[in-house]
Amino acid sequence: MGFNTELAGLLDEMAAMLELLGANRFRVNAHQKAARVIKDHPTDLSTLAEDEKALTAIDGIGKGMAEKIREFASDECLAEHDELLSKVPAGLLRLLRVPGLGPKKIKLLWEELGVESVEDLRRVLDDGSAAELKGMGAKTVENIKDSLEFASKADRRLPIGMARPIAEAMLERVRGVKGVTRAEYAGSLRRGKESIGDIDILAVAKDEKAAQALGETFRGGDGVVKVLAAGDTKSSVRVELAAFGVSSNRWVLDDSDQTVQVDLRIVPAESWGAAMMYFTGSKEHNVKLRERALARGLTLNEYGLFPEDDEDTPPQQRGVKPVAGKSEAEVYARLELAELPPTVREDRGELGLGEDGELRLIRVEDIRADLHTHTTESDGRMSLEESAAIAKERGFHTLAITDHSKSSAVANGLSVERLRKQIETIHEADKQTTGISLLAGSEVDILVDGSLDYDDDVLAELDVVVASPHVGLKAKPAQATKRLLKAIEHPLVHIIGHPTGRLVERRPGLEPAMDELIAAAVEHDVALEINAHWMRLDLRDTHVRAAVEAGCKIAIDCDVHHAEDYDNLIYGVLTGQRGWLTPDLCVNAWPKKKLHDWLSSKR
DNA sequence: GCCGTTTTCGGCCCGACTGTTTTCAGTCG
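Residues numbered from 1 in each chain as written. Chains lettered and ligands numbered in written order. Predicted model: local features only at pLDDT ≥ 70, side-chain atom pairs only at ≥ 80, totals over all residues. Heavy atoms only, no water.

## Some remarks on the domain arrangement of chain A
Alright, step 1. For chain A, the assigned domains read domain 1 (3-154), domain 2 (156-266), domain 3 (278-351) and domain 4 (364-600).
Alright, step 2. Here the C-alpha centre of domain 2 lies 29 Å away from the C-alpha centre of domain 1. (Domains from an automatic or database assignment.)

## Points about helix 7 (residues 103-113)
Alright, step 1. Every buried residue belonging to helix 7 is among Ile-106, Leu-109 and Trp-110, and all of these are buried. Here the buried residues of helix 7 occupy an arc of 95 degrees about the axis, which is enough to place them on one side. Away from its buried face by more than 90 degrees, helix 7 exposes Lys-104, Glu-111 and Glu-112.
Alright, step 2. Where helix 7 is buried, its residues meet helix 1 (3-20), helix 5 (79-87), helix 6 (91-95) and helix 8 (118-126).
Alright, step 3. Gly-114 lies just past helix 7 and shows a positive phi near 70 degrees. (Buried < 20%, exposed > 50% of the residue type's maximum accessible area, 1.4 Å probe, protein only. Helix = DSSP H or I, 4+ residues; strand = E, 2+ residues; numbered from the N terminus. Arc of directions from axis to C-beta. Contact = heavy atoms within 4.5 Å.)

## A closer look at the pairing of strand 6 (residues 234-240)
Alright, step 1. In terms of burial, strand 6 is largely enclosed, as five of its seven residues are buried.
Alright, step 2. Taken together, the five bridges between strand 5 (residues 224-230) and strand 6 define a ladder with antiparallel strand orientation. Across the sheet, residue Ala-230 finds its bridge partner in strand 6, namely Ser-235.
Alright, step 3. Hairpin remark: strand 5 followed by strand 6, antiparallel, with three residues in the connecting loop.
Alright, step 4. Alignment of strand 6 against strand 7 (residues 259-266), held across seven bridges, turns out to be antiparallel. Bridge pairing in strand 7 places Ser-236 opposite Asp-263. (Pairing = 2+ DSSP bridges.)

## Description of the protein's contact with DNA strand B
Alright, step 1. Neighbouring DNA strand B are 48 residues; Gly-60, Gly-100, Gly-137, Tyr-278 and Arg-290 lie closest to it.
Alright, step 2. Sugar plus phosphate: this is where 74% of the atoms of DNA strand B within 4 Å of the protein reside.
Alright, step 3. Here Gly-102 contributes a backbone N or O atom positioned 2.7 Å from a phosphate oxygen of DNA strand B.
Alright, step 4. At a separation of 3.1 Å, a phosphate oxygen of DNA strand B approaches a polar side-chain atom of Asn-301.
Alright, step 5. The element that contributes the greatest number of residues to the surface near DNA strand B is helix 14 (residues 283-295), accounting for five residues.
Alright, step 6. Here the residues of the surface near DNA strand B sort into 20 nonpolar, 14 polar and 14 charged. (Near = heavy atom within 4 Å. Polar contact = N/O pair within 3.5 Å; in protein donor to acceptor, adjacent residues only side chain to side chain. Nonpolar A, V, L, I, M, F, W, Y, C, P; charged D, E, K, R; others polar.)

Structure representation (structure tokens):
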């Protein structure tokens, strides 16, 4: 595990333990925020450990956290973390993940009944002693029991490619209710995050009757296995994936009985923009916006942006007229900000975006080429002609066929002889085809020692070389860095495919020193890939952000095997946007000549 | 523990729902 990830994990645990010990909640927040910022930071912070100034310049890192970074870099542990561990039983941290159980109740159960683990919890729930505690009752006990049952299935976040079809299906139901005038999904799904904890849907109903019908339809729909909340304006349900025909396609996951929470909020039409912002988040982005509002004598909530006064009752309940709220654009404008796309709302410094001119992030319609696709020659399911027809239909000017190289035996990798024959076939097909250029390429394995799977004379015959790691994905960070650097420095390589080999929520993959790889890629004019398949999304958003800041070229490719894989482009583009990627750095968005000139410059 | 276009001290976002309560605490997002 990398330094940042490991330290962030410790700080998160410290926050949890502090919470259980009843520490000041702002101190808890500070630890959580530092953990998030450190986890997302593109540079390995151990390299800055002695530079207190550079560390405290990072938002959320003060003197104390800078000292912790230094301590962890030199001692590989945190004394304060160890000290907290001696005070809090480790099993309690697991209990924090049970929905409906928070630090206060856990603390109560621990202090009054000696609960230190899930097993202890089950016991006191069953023998009735938990129900005797102050603030607990029969209903609370029932809810915690239910949560325990669901916890194991609900624990895992859903890859975006599985969550989106469910959200679309739920939206269709919601929009089908008479009197519903508007409905969209919000939350992390709208922000295009790689994985989703729950699905948030917002709707406008034209009157109370419609709102009531909407709630009933939502809670009673197919696939709903539990109703968690049923208020006038808010309903929460848990649905099972199986009911929506969602599966993980070519990756076999044990997701047959998995469920996901779906929340519905019914909001007034005049609050639509404020509500969308509120429920799209991120939470941290919203906090920044509210602070900004307060500094301007305004207060922001999900009903709108209101003049700040000292009353306790929320302004919308006193008939106060909002100064903005109908649309997101209106609220951002009133806060003197450019309207920010949902994908950048992560409290990663985005409030300054678009200040100096137009904010123009990559879009799906910018993409005019796919440079990483497979055919039936290796492990794809389409012929060259079938794939070319789809690419042409999508308006692409270039399609590169990059089947697997010889070491990928399970993927039917091509021998040198087969590859040479395929190059001829593709070049011939290119001559016969109008409207799209077909390029002969290969997805060449980066072997464990960093060398490539074909000799240089073979590679030189290819129009496009995508070099990707497929095996040895558990290597130590230092070794991974060395291996990938060697591939980047190879003069015949254009693109590094799925650089870490991670799978979302399934496999961590390699953890190379990304800043070194990015610097090398810039120096050797190599593009790093965002593999758009939703199980990969590799590079991930934070890597893209670091690459973009360094001026590194990025390729967004679908790694097409099946016809429907072309539809994964949206996920790659969303990930690009989350890394603030602009069209000028994305090779797939370039005009044909510019792209082909770049490719041939390496020949 | 962090932070500063009133501040280096004294703040730190806001509301819905639930369950156990006679006015609110806990949890969630």
